[in-house]
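# Fold and contact review
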Amino acid sequence: MFELSGSAPYLKELNQHQDQVSIELTLNELHKSFSSLTQGEQKYAKLFLNDLQRGDAQLIESHSFRDYINTYKENAENAQFNALVNAFGLDHNLLSALMADNVNEKNLNSFGRFDALKATVDKNKAKAYFEKQDGMAIPLFKLNMRIAKFLKQFILEQSDDAIAGLLTDADGMQGYVE
């Protein structure tokens, strides 16, 4: 079984063997190490392994399997963050500051930070996003509540499962990688 941290012996194995059988055996060994990963980590490990099998992954000798998983997770989180900023026209810095702080339900709006973030929302973009998602028009009074609920959930529940369905394809942007 391969180590998930430290040096990456599987890379040597993959680089030494050019034949498909050896590569498949090595990849199967990597798949076996999945039991030590969380469900979320397994999703990113699968993405990495799929890219590796297609030849789309850039191998770095000093990287461990866990390094690749963390990179894929970080890329997915950045995509979610950027999709939200673009879909709602949000202030990138305000959202970033809130996400970086250890906020909870009680201190989310300390110093008016959450209200300041909501004030940066482009209502037309948010309305278009929700109407496309729902398939029907949304009145302005409901829009404000919907924006607040959506942003609060995105900020407070910073986990793959919680935000997996939040950002769907809106205006051609894929907000989450499945």
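Scroll up a little and you will see the structure.
For the structure given in this document, a descriptive report is provided here. Note that the structure is a prediction, hence the values are computed from the model and not measured.

Another point: the packing of aromatic side chains. Evaluated as defined, the whole model comprises eight aromatic pairs. Where Phe48 meets Tyr68, the ring centres are 4.3 Å apart and the plane angle is 10 degrees; that geometry is what we call stacked. Here Tyr68 lies in helix H4 (residues 65–88) and Phe48 lies in helix H3 (residues 39–54), a separation of 20 residues in the sequence. Using a relative accessible area of 0% as the deciding quantity, one classes Phe48 as buried. Given a relative accessible area of 4%, Tyr68 falls into the buried group. Three or more aromatic residues joined by ring pairs form one cluster here, namely Phe88, Tyr129, Phe130 and Phe150.

Moving on: the pattern of salt bridges. Under the definition given, this model contains nine salt bridges. Arg113 is the salt-bridge partner of Asp101, the closest N and O atoms lying 2.3 Å from each other. One end of the pair, Asp101, is in the loop between helix H5 (92–100) and helix H6 (113–119); the other, Arg113, is in helix H6, with twelve residues separating them in the sequence. For Asp101, a relative accessible area of 36% puts it in the partly exposed group. Among the residues examined, Arg113 registers a relative accessible area of 24% and is labelled partly exposed. Lys127 is the salt-bridge partner of Glu131, the closest N and O atoms lying 2.4 Å from each other. A residue pair is termed a helical-turn pair when its members lie 3 or 4 positions apart in one helix, as Glu131 and Lys127 do in helix H7 (residues 123–134) at four residues. On the accessibility criterion, Glu131 (22% relative accessible area) is partly exposed. Overall, the relative accessible area of 28% leaves Lys127 in the partly exposed class. Through salt bridges with shared partners, a single network forms among Asp51, Arg54 and Asp56.

About the criteria used
Residues numbered from 1 in each chain as written. Predicted model: local features only at pLDDT ≥ 70, side-chain atom pairs only at ≥ 80, totals over all residues. Heavy atoms only, no water. Phe/Tyr/Trp six-rings, centres within 6.5 Å; stacked < 30°, edge-to-face > 60°. Helix = DSSP H or I, 4+ residues; strand = E, 2+ residues; numbered from the N terminus. Buried < 20%, exposed > 50% of the residue type's maximum accessible area, 1.4 Å probe, protein only. Salt bridge = Lys/Arg side-chain N within 4 Å of Asp/Glu carboxyl O.

Purely geometric stuff here, so don't read any function into it on its own.
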